[in-house]
Amino acid sequence: MADGIEISGLDELAEDFRIVARKYPDRAGEELRKEAKELRKDVIAMVENDTDEHLTKDGSKTKRSLTKVSSYEISPVQGFNERQFVDISAKSPHFHLLENGHQLVSHKGRVIGFVPGYHFMDRARKDHAKKLPERMEKMVNNLLESENL
C-alpha cells in the first residue's frame with residue numbers, strides 16, 4: 001500500500017501565479033488605454049460621417065474641431081486591480097450639444113425646434129463594450145503564455 005501521493009512543482013506554479021498576478025494590473029491598464037484610443041478614433045470617424053461642414057460667408061469651409069484627436073482627452077488609468085478605468089472626454093465646449101441634442105432658438109430667444117443628438121460616445125461605447133471582454137481574455141491568455149502557464 002502507498003503511504004501518500006507526492007506532488008512536486010507546486011511551489012514553482014504558485015510563484016508563477018504570483019508573477020502573473022503582479023503583471024496583470026499593468027497589462028490591463030495598457031489594454032484599457034488602447035481601447036480608449038480606439039474608441040476616440042471611432043468617435044472622430046462618426047463625427048466626420050454624421051455631421052456636415054458648413055461654409056463661412058467668404059465661401060471657405062469651417063473647421064470641425066471635433067474631428068481632431070487633440071479635441072479629446074484620455075485620462076491616465078485610474079483604480080486598482082479589476083476596478084481599473086479610464087475617462088475619455090471632449091474638450092470642446094459644444095460637444096454635449098451634438099451628443100445629447102439641444103433646443104433650436106431664434107435670435108429673438110424663441111424656441112423654434114429641437115435638434116436631436118447624435119450620441120457619438122454612447123454608440124461607440126456600446127460597440128466597444130461588446131468587444132472588450134474578448135480583448136481582455138486575449139490579453140490574459142497572452143500573459144499566461146508569456147509565463148508558460
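Everything that follows concerns the structure shown earlier in this document.
Remember, predicted model here, so these are calculated numbers, not experimental data. (Residues numbered from 1 in each chain as written. Predicted model: local features only at pLDDT ≥ 70, side-chain atom pairs only at ≥ 80, totals over all residues. Heavy atoms only, no water.)

A. The packing of aromatic side chains, seen in detail. For the structure shown, the criterion picks out 3 aromatic pairs. For the pair Phe 95 and Phe 120, a centre-to-centre distance of 6.4 Å together with 40 degrees between the ring planes defines the contact as tilted. Note that Phe 95 is positioned in helix H2 (residues 95-100) and Phe 120 in helix H3 (residues 120-146), a separation of 25 residues in sequence. Given the relative accessible area of 9%, Phe 95 is considered buried. You can call Phe 120 buried: its relative accessible area is 0%. (Phe/Tyr/Trp six-rings, centres within 6.5 Å; stacked < 30°, edge-to-face > 60°. Helix = DSSP H or I, 4+ residues; strand = E, 2+ residues; numbered from the N terminus. Buried < 20%, exposed > 50% of the residue type's maximum accessible area, 1.4 Å probe, protein only.)

B. Main features of the pattern of salt bridges. What the rule picks out here adds up to 7 salt bridges. One salt bridge in this structure joins Arg 123 and Asp 50, with 2.7 Å as the shortest N-O distance. Of the two residues, Arg 123 is situated in helix H3 and Asp 50 in helix H1 (residues 10-50); the sequence distance between them amounts to 73 residues. One salt bridge connects Asp 127 with Lys 131, and the closest N-O pair in it is separated by 3.4 Å. (Salt bridge = Lys/Arg side-chain N within 4 Å of Asp/Glu carboxyl O.)

C. View of the pairing of strand S4 (residues 111-116). Counting buried residues along S4, only 0 of its 6 residues qualify, which leaves the element largely exposed. Joining the antiparallel neighbours strand S3 (residues 101-105) and S4 is a turn of 5 residues, in which Gly 109 adopts a positive phi near 95 degrees. (Pairing = 2+ DSSP bridges.)

Remember that the coordinates give geometry; whether it matters functionally is a separate question.
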